[in-house]
Amino acid sequence: MSVVVVGAGIVGSSVAYHLARRGVSVTLLDRGPGPATGVTGGSFAWIGDRGGDWPGGARDLRGSVRADYRRLESEVPGVAVRRCGSLDLAADAEPGEGRFRVGRDEIRALEPELRSPPEWAVHTPSDAGVDAVAVTAALVRAARALGARVVFGADVTSLEAEGGRVRGVASSVGFHAGSTVVLAAGTEVVRLAEPLGIRLPVRTSPACLIRLAAPPGLVRTIVAAPDFEVREVSDGQLLMTVSLTGDTTSPLRLLRASFRRADSCRVLERRVGGRPVPADGPLIGPVTPDGSVYAAVTHSAVTLAPTVGRLVASELATGAPAAELRRCRPRGLSPGSGGR
């Protein structure tokens, strides 16, 4: 068995790593110059639950996320999780399982630099964040160390079939043979699958991510305000998202109006990316009757990547469908594994 994984974002890199860990021959391809140059590099990378936004089969995967991230931290050098909790300041934020309503004094204790704490907010202590680019790069390094072939600068042009079965992919740098092709290239999976007569229901959702230099400790939790979200991704560096329908020209204005000591903050990078949003939640499973083409696309990619990678690798390596992926299957296609 050999597998070609298209897309070296966090999902594709996780699939490649977990396959290589099982001893499967795997090739990881990406058109970028390195890992996470697509939508993963523009991810806010909040690992948690904002009150039940887990469509379709995501609900069946969410319970494994924290354990899988702990496992990756122990297995893969360079994977690190910042377990800082979150603070939702929205007026309609709802408490629930693991989410607690806190008053103004508790908000001040959690975020001392917040200028005008609301009367109450919702605190989720278990929420966390990662540096999505660093985690993806670590997974790629680990996959390589286990024998995976990694090719960057490989723009995949088509899936190549012989006798009705896909046998690999053609790219700008040559042909890459595989008994199974895993499409993990975000919104690009639609283009790649279409020539086979397969229409994958994945739309694009634009998002704006800003990386800023900031005083260390300015933001202590993951703060979800009505107009933006912000968190510290590493000491002295913040990630911030703003709505593309609102004012995206002044992230510094928003930050300085909300936090003391923010006057020295400066923008390091601004990215607008297209997040994949499958119509019915995660889209994971074979998309051809013979299983030679397999899709792995999800909106909550950074959150679910360790779990998705583990389960997809298990399916492909063993031929046994994973029960947790039952509700993630592309509709109208067989839920059996394409790995045999």
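Residues numbered from 1 in each chain as written. Predicted model: local features only at pLDDT ≥ 70, side-chain atom pairs only at ≥ 80, totals over all residues. Heavy atoms only, no water.

1. A closer look at the overall build of the protein chain
The condition is simple: The secondary structure listing takes helices from DSSP runs of H or I that are at least 4 residues long and strands from runs of E that are at least 2 residues long, numbered from the N terminus. As defined in this context, the radius of gyration uses C-alpha atoms, and a globule is described by 2.2 Å times the residue total to the power 0.38. Whether a residue is buried, partly exposed or exposed follows from its accessible area with a 1.4 Å probe, protein chains only, as a fraction of its type maximum: under 20%, in between, or over 50%, in that order.
What the protein chain contains, in helices and strands, is eight helices and 20 strands. The C-alpha atoms of the protein chain give a radius of gyration of 20 Å, which matches the 20 Å a tight globule of 340 residues would have. Dimensions of the protein chain, computed from the C-alpha atoms along their principal axes, are close to 65 × 40 × 35 Å. For the protein chain, the proportion of its 340 residues judged to be buried stands at 54%.

2. Overview of the sheet that holds strand β4 (residues 81-82)
Defined as follows: Here, a strand pair is defined by DSSP locating no fewer than two bridges between the strands.
Here we have three strands laid out as an open sheet, ordered β3-β8-β4, and antiparallel in their pairing. Either end of the sheet is taken by a strand with one partner, and the two such strands are β3 (46-47) and β4. Examined bridge by bridge, β3 and strand β8 (residues 128-130) share two bridges and lie antiparallel to one another. When the sheet's bridge partners are listed, W46 is paired in β8 with G129.

3. As for the state of the cysteines
To be explicit about the condition: Put simply, a disulfide is two cysteine sulfurs that come within 2.5 Å.
A complete count under the given rule lists zero disulfides for this structure. Unpaired in this structure, C84 has its nearest cysteine sulfur neighbour in C265, at a distance of 17 Å. For the unlinked cysteine C265, the closest cysteine sulfur is that of C208, found at 16 Å. The exposure class assigned to C265 is buried, which follows from its relative accessible area of 3%.

4. Description of helix α5 (residues 132-145)
What counts here: Expected helix span is given by 1.5 Å per residue-to-residue step, counting one fewer step than there are residues. Contacts between residues were defined by any pair of non-hydrogen atoms, one from each residue, lying within 4.5 Å.
Here α5 spans 20 Å end to end across 14 residues, near enough to the 20 Å set by a 1.5 Å rise per residue. Turning to α5, its buried residues are A132, V135, T136, A137, A138, L139, V140, A142 and A143. If you follow the buried residues of α5, they end up packed against α1 (10-21), β2 (25-30), α3 (65-75), β8, β9 (149-152) and α8 (301-318). G147 sits one or two positions beyond α5 and adopts a positive phi of about 110 degrees.

5. Topic: unusual backbone geometry
Backbone geometry at A36 places phi at a positive 60 degrees, although glycine is not the residue there. In this fold, A36 is placed in the loop between β2 and β3. On the basis of relative accessibility, which here comes to 4%, the residue A36 falls in the buried class. Positive phi is not limited to glycine here, since A45 has a value of about 60 degrees. Within the element layout of this structure, A45 appears in the loop between β2 and β3. Looking at A45, the relative accessible area reads 3%, which means it is buried.

6. Re the environment of M1
Along the chain, M1 turns up in the segment before β1 (2-6). For M1, a relative accessible area of 42% corresponds to the partly exposed category. Between the alpha carbons of M1 and V287 there is a distance of 18 Å; along the sequence they are 286 residues apart.

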